[in-house]
Amino acid sequence: MNRTVPLLTDPDQVRATLISAPVPAVPAVDAPVGIAWLRAHVPRFSTGPEHERLRALVTVELDRLSPADLRERARTADGSLPHVHALAEALGLQDISVDQVALVAAHYQPYEPDNPAADEAVVALVAACGGIADDTTAARICLLVQACAATGALVDNARLSNATGTAEQIIARTVDENPPLRSTRRVVAGEVVELDLRHPGLGFGAGPHACPGREHAIAIAAGIIEGSA
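Reading guide: rules and limits
- Residues numbered from 1 in each chain as written.
- Predicted model: local features only at pLDDT ≥ 70, side-chain atom pairs only at ≥ 80, totals over all residues.
- Heavy atoms only, no water.
- Helix = DSSP H or I, 4+ residues; strand = E, 2+ residues; numbered from the N terminus.
- Rg over C-alpha atoms; globule rule 2.2 N^0.38 Å.
- Contact = heavy atoms within 4.5 Å.
- Areas by Shrake-Rupley, 256 points an atom, 1.4 Å probe, with all protein chains shown as cover.
- Lys, Arg positive; Asp, Glu negative; His and termini not counted.
- Charge placed at Lys NZ, Arg CZ, Asp CG, Glu CD.
- Pairing = 2+ DSSP bridges.

Moving on, we come to the overall build of the chain. If you tally the helices and strands in the chain, you get ten helices and three strands. Counted from the first residue to the last, the chain has its helices and strands arranged as β-α-α-α-α-α-α-α-α-α-β-β-α. Here the chain has a C-alpha radius of gyration of 17 Å; the compact-globule value for 229 residues is 17 Å, and the two agree. Over its C-alpha atoms, taken along the principal directions, the chain stretches across nearly 45 × 45 × 30 Å. In the chain, the share of contacts with a sequence separation of at least 24, taken over all contacts with a separation of at least 6, comes to 68%. Summed over all atoms, the accessible surface of the chain reaches about 10800 Å², with 53% contributed by carbon and sulfur. On the chain, the mean spot of the 18 positive side-chain charges and the mean spot of the 28 negative ones are 5 Å from each other.

What follows is about the sheet that holds strand 1 (residues 7-8). Think of a sheet as strands paired side by side through backbone hydrogen bonds, with each pair either parallel or antiparallel. As summarised here, the arrangement of the three strands in space is 1-3-2, forming an open sheet in which the pairing is mixed. Pairing within the sheet leaves two strands with one partner each, and these edge strands are strand 1 and strand 2 (183-188). With two bridges joining them, strand 1 and strand 3 (residues 191-196) adopt parallel strand pairing. Bridged to leucine 8 within strand 3 is leucine 195.

Take isoleucine 220: it is sitting in helix 10 (residues 214-227). When the C-alpha positions of isoleucine 220 and alanine 68 are compared, they lie 8.8 Å apart, and in sequence the two are 152 residues distant. Leaving out residues up to four positions away in the same chain, isoleucine 220 has contacts with Leu70, Ala74, His83, Leu87 and Thr151.

It is worth spelling out the pairing of strand 3 at this point. Bridge count between strand 2 and strand 3: six bridges; the pairing is antiparallel. Residue pairing across strands places arginine 185 opposite glutamate 194, the latter belonging to strand 3. Linking two consecutive strands that pair antiparallel, namely strand 2 and strand 3, is a turn of two residues; a positive phi of about 55° is found at alanine 189 within it.

This part covers the side chain of serine 46. Inspection of the secondary structure puts serine 46 in the loop between helix 2 (35-40) and helix 3 (48-63). The contacts of serine 46, once residues within four sequence positions are left out, are Val23, His51, Leu54 and His209.

That's the geometry; what it means functionally is another story.
In structure tokens form, the structure reads like this:
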């Protein structure tokens, strides 16, 4: 959690801010393709009608994925970042490099410094997604990138917990007690603020930017936990 901006911790305030406040703006970038281009073409960093349009593209991709199939793929996935492998295969993206996804994920947030290697990784991911640098391609990449850190942290936190029960029960407790996404940012009265998401019911966010892939993330995490049991 970055403390260089004001921090809101009250859960009611956090929820209300998630619902009503916009995300910090990012520059509009159509070229060259790189990390700044990706940020400009995903719903995570957009607001209003543009956010709705870009989120709809992500939802289209999610709607063609079966959580049950993702769970089975994750149960048998191996190697590094099995959750990214499982998701990429389900999306039909056989040539995706999980290392490139991880590199982009590490520099995804706008407050991260520029990184030429991350820019090159975005170019490679666009090529692996068919080579067309458009909003649909950005939607597919954003699914992989956002799952890379968040779903990976969900699995790691679940393994560290002392929760018992089914995979779903372990994950539900983990999301409430040690969520994978610990904070996010919004703009309030012209000022960027950090929102503490470490509260029950906020593990997948709230409001317009609530995670659209919650069911899919839980399925992947459950499959990995079951596969390693």
